[in-house]
Amino acid sequence: MSTASPAPSRPPERTILRVPEHTVEVVSDSGEGAQKCAQIFGRVSARMGNGVWTVEIIPAEIQPPPRTPESASGNRIRIGTRPVTNWGDHANLVVAFNEQVLLHRHRLEALAKDAVILIEDMWATHDDPDIRRAWNDAMDELGQRAYRFIPVPMEQQCLTLIDNPRRGKNMFALGLLAWIYSRDLEKIKEQIAHEFRKKSPALYDTNVALLELGHRWAEEHLDFRIEVPAIASDRPMVVMNGNQALAFGAIASGMELCSMYPITPATSASHFLSDIFEKFGGVVHQAEDEIAAIGVALGASFAGKVAFTISSGPGIALKTEFIGLAVMVELPLVIVDVQRGGPSTGLPTKVEQGDLLAAIFGQPGDAPHVVLAPATMEECFLCITTARRIAEAFRCVVMVLSDANLATGVQPFPRPAVDEHWLAQPPDLAPVREGLRPYDWDPEMGTSRRVIPGQPAGMFTATGLSHDELSHVGYTPDVHERGCVMRSRKLAVFQQMLKPPPVHGDDAGDLLVVGWGSTLGAIEEAVDRAREEGLAVSSLHLRFLSPLEPGLKEIFGRFRKVMTVEINYSDDPDAPFITEENRRRGQLAWLLRASTLVDVDCWTRVPGEPLRPGKILEALRASMPQGVQS
Amino acid sequence: MTEPGCSLLSCGPVDEDREWTMDDYASALARWCPGCGDHAVLTAVERVLETEQLPPEQTVFVSGIGCSSRFPHYLRTYGFHGIHGRALPVAMGVRLRRPDLHVFVVMGDGDCCSIGAGHWIHAMRYNPDLVALLLDNGVYGLTKNQTSPTSPKGKASNTQPRGALLPPLNPLSVALGVTNASFVAQTGDWLPAHLYATILAASRHRGFAFVRILQRCPQYTTELFEGAVRDPGLVELLVHPDGVTVPELDRIYKNQRPHDPADLDAARRLAEPEGKIRLGVFYRNESLPVYDETRRTPSRSAAEKLTLLNAELDRYAV
Ligand SMILES: Cc1ncc(C[n+]2csc(CCOP(=O)(O)OP(=O)(O)O)c2C)c(N)n1
Ligand code: SF4
Ligand SMILES: [Mg+2]
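Along each chain, the written sequence defines residue order, and numbers are assigned to residues from 1. Chain A is the first chain written and ligand 1 is the first ligand written, with later ones labelled in order. Totals for whole chains, interfaces and linings use every residue, but because this is a predicted model, local features are given only for residues with pLDDT of at least 70 and side-chain atom pairs only at 80 or more, for both listing and counting. Excluded from the side-chain calculation are hydrogens and water; included are all heavy atoms of the structure.

Trainee: What exactly am I supposed to notice about the overall build of chain A here?
Mentor: Strands here are runs of E lasting at least two residues and helices are runs of H or I lasting at least four, both read from the DSSP assignment and numbered beginning at the N terminus. When you go through chain A residue by residue, the secondary structure sums to 19 helices and 23 strands. Atoms counted for the radius of gyration: C-alpha only. Globule rule: 2.2 Å times the number of residues to the power 0.38. Against the globule reference of 25 Å for 630 residues, chain A gives a C-alpha radius of gyration of 27 Å, in line with a compact fold. Any residue under 20% of the maximum accessible area for its type is buried, any over 50% is exposed, and the rest in between are partly exposed; the area is computed with a 1.4 Å probe on protein chains only. Burial status across chain A gives 62% buried among its 630 residues. It only takes one pair of heavy atoms within 4.5 Å for two residues to be counted as in contact. Contacts in chain A between residues far apart in sequence, at least 24 positions, make up 78% of those at least 6 positions apart. Residue-level accessible areas treat just the shown protein chains as cover; the underlying method is Shrake-Rupley with a 1.4 Å probe. Summed over its atoms, the accessible surface of chain A is roughly 23900 Å², and 52% of this surface lies on carbon and sulfur atoms. Side chains of chain A give 62 positive and 80 negative charges; the mean places of these two sets differ by 3 Å. Think of it this way: Lys and Arg go in the positive column, Asp and Glu in the negative one, and His and the chain ends go nowhere. Every charge is mapped onto a representative atom, which is NZ of Lys, CZ of Arg, CG of Asp or CD of Glu.

Here is the structure:
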């Protein structure tokens, strides 16, 4: 451990470090507000023109015991001179409110070898000998690395302004960061106003005073500043997390009903919607459970509206029977699954891509529907309109697979030019033309027009039983088979409208990496680095998982090896008992093998955190087909 | 093979001033067993629709799964025959976004009181403006004679062949125990006039009108209401100007108890079984919050939505 630099008395000589990107972490005990500090820092950095990607560090409990590694709560914020598409590998600078939460990050290998660590040092001289001992033990463990420690008397400083620094240190910390990274104090104050002024003007004043205190302390004591130049662009941008983007997208798509039951990490989207949806004529209905939630959405859809339900794995499992019904009655319905770690209650706050196969195949019988996955915050915004349109045009269920990484991560993106055409049309209640049947399937395409209650002469009873064009129940082989064919055929028609996915990197080569969902940025960064090393690697990212985008087999054929990278479980091929035959593979790998007959390999991990590009890069190096290692 | 009845091909042009008759509401030939109480409920419902002149295209019947849940197929209104136990959420969704539609729900006792019990309790509390009919035959009919939550203790079934093990759940006291319950009534399929009057009162109620209909199943629970059907002395009618009054029953049904449906405490006492089967409106209160009314939102034009959306996006602008 490098010895703690003594706090200099007068403004020191300063180095200014100019870098294309930097990664910051703010960690505190849960409840001390590191998250708020980091969120404001992230937003302001975005507003100052930096590329930004944030990832929440969330403890499992609401109030875990303080000063424990499990209590670590905060954010990582990666900022850059280019758009930032993932959380990177390691933090370069950390603000830690105690040594235990820092240990947590250290043990997860989250910190760069030469990370600069600003740490609250009150614990070193604390009255409680147990705390002093814990501090010393932690410092011994941390001392094995070449971190640079800068002790900061946060508590002592904050006490000059407030009585309870547990509620205020975070603004002091924000002041430190603001000085180090030359963030615009006025913009920070606007954010603070946004967060606190509504609650109380006095609270706003205190927070601003703490911010300025931290800023002053940094100016007087620190011997370095970091400069991450902004991106030169005058495109109007917005900055938000994926759940806010989903909620915005739902409004922009003309949805009128979000029917949900609270579950992490999906809930925050409905919090956001609950605040503003009614202004737009929409309603967030908190149902008694997830089954009711989808039932209400389906009822609204039957009544001519397009509605959506939002949940996560455990809740999606409960909705299964209703998903089958929605497929059977051919009603448009959008179902958002913000995935978390599973199975069962699993990892409620952590990212995983473990619901893919359940989303596609999880319903009894044959229940064809569309499954798509946004890969960025911007796509979270746009995908609901896409989903709604497909659902309406093809009278089908569309499942949207987001995940905890997108849900809570913040990223700036070009402001969507929302348009009237994005909005759903109001239901057409004109009398039904004579002869139109409720399932008037086009025999070639399986598509048909929806009839809506209120339309004169259109009366019929939708049923989950096997039925014919008139929605009359029929159990005979011809009726059932025909229904199955029609419901499946329309998805083939839809698939024909999709374009083959673009390849990132060369069109042909040794290794093609295939991914889906939130891993886009990390995969492409790893691929770019591998290509710089001379490896013939490319990647391809799927947005439509069911039906799959066209042309895959042909693209795969141009590479010596194809491999998926996913955040879900697969057996390590070298693990005991694992053979070619019994190996359980990544979920996308299963799917691609089945549909292309290509021997698709996979590299998957379930660390409960986003994949790091550096780890993917190692996997790529190790996975290069034999004989072409450069 | 499909069921005969309404073909949309045969539906004529729309006539604004048209008067609807019972026949206009009838669709396919009902396929319940002969003597099944569901037939009588269907007839009573058709009469109510006629009385109220509800346009068929503005009327929606939602059901779950069971013999009773076949109901919507036999009507020429809009219908939604969904999944077991889940009719109420679907109906809630319809009601929430389409206040112009008249919504009726038909459920069996397994549907409502077992697999869908959670939805039932919460629907009572949400109190959306719709009619919920519980066709209670004390058994699982469609799946061929299994014990239901309302099967009387000792009643043998295929799953409890030595007799139902537990005393039955009382749907009335459950309903009357739910906060914000606004209409609770009981009637029997063998009293068409009372059945009609009760469903009519339910359809005119503002809020969630829960009607338990004692329904005979000659297939599996013949004995269940046999005594009461034969002997009017085993029935007690709750009568009140705010409840249902069926003068034509006066001559035979001598057990009549005045009960003001505004009196919740009395309703709860009367819901407890005391030898006689009580029919009538137990509770009615139109001053309670109605969920779909509470959740009504302004309708916005596309232009308004875009203006609001852009203003909201400004707050997230870089
Ligand atoms: C999820 C599910 N579980 C079980 C069933 C089988 N099932 C169909 S109807 C029914 C019970 C029917 O009894 P009830 O609701 O009383 O209606 P009834 O037939 O007596 O009118 C059951 C268990 C089903 N269709 N779906
Ligand atoms: S089994 Fe019973 S409930 Fe079902 S149709 Fe026959 S008589 Fe009616
Ligand atoms: Mg029954």
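Trainee: For this particular structure, what's the right way to read the coordination of the magnesium ion (ligand 3)?
Mentor: Octahedral six-donor coordination of a metal ideally yields angles of 90 or 180 degrees, compared with 109.5 degrees for tetrahedral four-donor coordination. Coordination partners: N, O, S within 2.8 Å of the metal, 3.2 Å for Na, K and Ca; water not considered, so apparent gaps in a site are possible. Listed as protein donors to the magnesium ion (ligand 3) are Asp 109 of chain B (OD), Asn 137 of chain B (OD1) and Val 139 of chain B (O); their distances from the metal cover 2.1 to 2.2 Å. When its relative accessible area of 2% is taken as the criterion, Asp 109 of chain B is described as buried.

Trainee: Even after reading the chapter, I still don't get the packing of aromatic side chains, so can you show me in this structure?
Mentor: Side-chain rings of Phe, Tyr and Trp, where Trp is taken by its six-membered ring, are said to pair if the distance between their centres is within 6.5 Å; with planes under 30 degrees apart they count as stacked, over 60 as edge-to-face, and otherwise as tilted. Summed over the entire model, instances satisfying the criterion amount to 22 aromatic pairs over all chains. Ring centres of Phe 248 of chain A and Phe 272 of chain A lie 5.2 Å apart, and the angle between their planes is 55 degrees; on these two criteria the pair is classed as tilted. With Phe 248 of chain A in helix H8 (residues 242–252) and Phe 272 of chain A in helix H9 (residues 267–276), this pair connects stretches of sequence that are 24 residues apart. Both residues of the pair, Phe 248 of chain A and Phe 272 of chain A, belong to the buried class. Ring plane angle 90 degrees and centroid distance 6.1 Å describe the contact between Tyr 439 of chain A and Phe 460 of chain A, whose orientation is recorded as edge-to-face. Here Tyr 439 of chain A is found in the loop between strand S16 (410–414) and strand S17 (461–463), whereas its partner Phe 460 of chain A is found in the loop between S16 and S17, with 21 residues between them in sequence. Of the two residues examined, Tyr 439 of chain A and Phe 460 of chain A, each falls in the buried class. An aromatic cluster is present here, built from Phe 248, Phe 272, Phe 381, Phe 413 and Trp 422 of chain A together with Tyr 316 of chain B joined pairwise through their rings. The aromatic ring of Trp 123 of chain A is capped on one face by Arg 67 of chain A, whose charged end is 4.5 Å from the ring centroid. Whether a charge lies above a ring is judged from NZ of Lys or CZ of Arg, which has to be within 6 Å of the ring centre and within 35 degrees of the ring normal.

Trainee: Even after reading the chapter, I still don't get the site of ligand 1, so can you show me in this structure?
Mentor: Lining the immediate surroundings of ligand 1 are 17 residues, of which Cys 67, Ser 68, Asp 109, Gly 110 and Asp 111 of chain B lie closest. Any residue with a heavy atom positioned within 4 Å of a molecule or strand is treated as near that molecule or strand. Each of chains A and B places residues near ligand 1. At 2.9 Å, a backbone N or O of Leu 142 of chain B approaches an oxygen atom of ligand 1. Looking at the shell around ligand 1, the elements with two or more residues in it are helix H4 (109–115) and strand S5 (139–140) of chain B. Under the rule applied, a polar contact is a pair of N or O atoms within 3.5 Å (in protein, one hydrogen donor and one hydrogen acceptor; residues adjacent in sequence only if both atoms are side-chain atoms).

Trainee: What is the right way to look at empty space enclosed by the protein in this model?
Mentor: Any empty space left between atoms is shown by rolling a water-sized probe over those atoms. Residue and element names in this part refer to chain A. Two kinds of site are reported from a 1 Å grid over the protein atoms alone, namely cavities, where a 1.4 Å probe fits but cannot get out, and pockets, open sets with protein on both sides within 12 Å along at least five of seven lines, and residues are called lining when an atom falls within 4 Å of a point. Grid points are joined across faces, edges and corners, and a volume is the space filled by probe spheres set on the points. Counted under the stated rule, the structure contains four cavities of 30 Å³ or more. In terms of lining, the second largest cavity is formed by Trp 53, Thr 85, Asn 86, Trp 87, Asn 405, Ser 518, Thr 519, Ala 522, Ile 567, Pro 610 and Leu 611. Across the lining of the second largest cavity, the residue classes break down as six nonpolar, five polar and no charged. Counting only domains with at least three residues in the lining of the second largest cavity, you end up with domain 1 (15–227) and domain 3 (503–623). Each residue gets one label: Ala, Val, Leu, Ile, Met, Phe, Trp, Tyr, Cys and Pro are nonpolar, Asp, Glu, Lys and Arg are charged, and the others, such as Gly, are polar. For every domain, the bounds stem from an assignment made automatically or drawn from a database.

Nothing here speaks to function; it is all geometry.
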